[in-house]
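What follows is the residue order along each chain.
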Amino acid sequence: MKTSAVNLDVMKEFGVAGFEAARSLGELNLRTWEKLVEKQTETFGLFVDAGIEMVKASTELKDIKELVNAEMEVAKQFGENLVVKGREALQVTTDARDDYRSWAEQGVEVFTKQVSKSAKSA
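First things first, this report covers the structure right here in the doc. Keep in mind that what you see is a predicted model, and the values were worked out from it rather than measured. (Residues numbered from 1 in each chain as written. Predicted model: local features only at pLDDT ≥ 70, side-chain atom pairs only at ≥ 80, totals over all residues. Heavy atoms only, no water.)

Turning to the overall build of the protein chain, a few remarks are in order. Along its length, the protein chain carries two helices and zero strands. By the compact-globule yardstick of 14 Å for 122 residues, the protein chain is too spread out, its C-alpha radius of gyration being 27 Å. Each of the three principal axes of the protein chain carries a C-alpha extent, and together these read 90 × 15 × 10 Å. Per-residue burial for the protein chain yields a buried fraction of 12% across its 122 residues. Intrachain contacts of the protein chain at a sequence separation of at least 6 include 82% that bridge at least 24 residues. Of the roughly 9,200 Å² of accessible surface on the protein chain, 63% is carried by carbon and sulfur atoms. Of the charged side chains in the protein chain, 17 are positive and 21 negative, and the gap between their average positions amounts to 8 Å. (Helix = DSSP H or I, 4+ residues; strand = E, 2+ residues; numbered from the N terminus. Rg over C-alpha atoms; globule rule 2.2 N^0.38 Å. Buried < 20%, exposed > 50% of the residue type's maximum accessible area, 1.4 Å probe, protein only. Contact = heavy atoms within 4.5 Å. Areas by Shrake-Rupley, 256 points an atom, 1.4 Å probe, with all protein chains shown as cover. Lys, Arg positive; Asp, Glu negative; His and termini not counted. Charge placed at Lys NZ, Arg CZ, Asp CG, Glu CD.)

Right, let's get into the packing of aromatic side chains. Going through the model one piece at a time under the given rule, you end up with one aromatic pair. Both rings, one in Phe47 and one in Phe78, keep their centres 4.9 Å apart while their planes meet at 65 degrees; by these two values the pair is edge-to-face. Within this pair, whereas Phe47 is found in helix α1 (residues 4–60), its partner Phe78 is found in helix α2 (residues 64–120), the two being separated by 31 residues in sequence. (Phe/Tyr/Trp six-rings, centres within 6.5 Å; stacked < 30°, edge-to-face > 60°.)

Moving on, we come to the environment of Ala57. Among the structural elements, Ala57 can be located in helix α1. Along the primary structure Ala57 and Leu67 are separated by 10 residues, whereas in three dimensions their C-alpha atoms are 6.3 Å apart. Sequence-distant contacts of Ala57, defined by excluding residues within four places in its chain, comprise Leu67 and Ala70.

This part covers the layout of surface pockets. Estimated volume of the largest pocket: approximately 210 Å³. Contributing to the lining of the largest pocket are Phe14, Ala17, Gly18, Glu20, Ala21, Ser24, Trp103, Gln106, Gly107, Val110, Phe111 and Gln114. Breaking the lining of the largest pocket down by element, the ones donating at least two residues are α1 and α2. Residues of the lining of the largest pocket, tallied by class, amount to six nonpolar, five polar and one charged. (1 Å grid on protein atoms, 1.4 Å probe; cavity = no way out; pocket = protein on both sides within 12 Å on 5 of 7 lines; lining within 4 Å. Points joined across faces, edges and corners; volume = space filled by probe spheres on them. Nonpolar A, V, L, I, M, F, W, Y, C, P; charged D, E, K, R; others polar.)

This brings us to the environment of Leu61. Structurally, the position occupied by Leu61 is in the loop between α1 and α2. Spatially, the C-alpha atoms of Leu61 and Leu25 are 54 Å apart, while their sequence positions differ by 36 residues.

One pass over the structure, following the stated rule, counts nine salt bridges. Note that Lys39 and Glu88 form a salt bridge whose closest N and O atoms lie 3.0 Å from each other. Of the two residues, Lys39 is situated in helix α1 and Glu88 in helix α2; the sequence distance between them amounts to 49 residues. What makes Glu88 partly exposed here is its relative accessible area of 27%. Note that Glu109 and Lys113 form a salt bridge whose closest N and O atoms lie 3.3 Å from each other. A residue pair is termed a helical-turn pair when its members lie 3 or 4 positions apart in one helix, as Glu109 and Lys113 do in helix α2 at four residues. Residue classification places Glu109 among the partly exposed positions, given a relative accessible area of 46%. On the basis of relative accessibility, which here comes to 55%, the residue Lys113 falls in the exposed class. (Salt bridge = Lys/Arg side-chain N within 4 Å of Asp/Glu carboxyl O.)

Rendered as structure tokens:
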């Protein structure tokens with residue numbers, strides 16, 4: 001039968017492991033959030049740039065055919081850039097998925113070791 005000191009040590013180890021897991025999850029959440037916000041900001045920048053180019057084209061070009069061609073080119077470039085940013089955001093989420101999976105697997109491993117260690121000291 002375990003003594004109360006051993007029980008306290010086991011509880012302390014579980015508490016420390018739990019705190020470390022929560023801390024690492026918080027850091028993972030923060031890193032993921034920062035990356036996603038960065039991609040959103042970059043995407044918003046694409047909208048702003050396309051809008052500026054459209055205004056510039058509409059004020060500088062007087063021929064309607066040139067204006068339509070310029071607008072089509074801006075729209076085409078905007079669409080291509082938007083696809084690139086979408087792929088980058090998808091990569092961020094894929095990396096985050098892998099990071100969360102790794103975090104969960106590591107947590108299960110630590111928990112299993114703690115339980116095994118506790119069972120052996122019983």
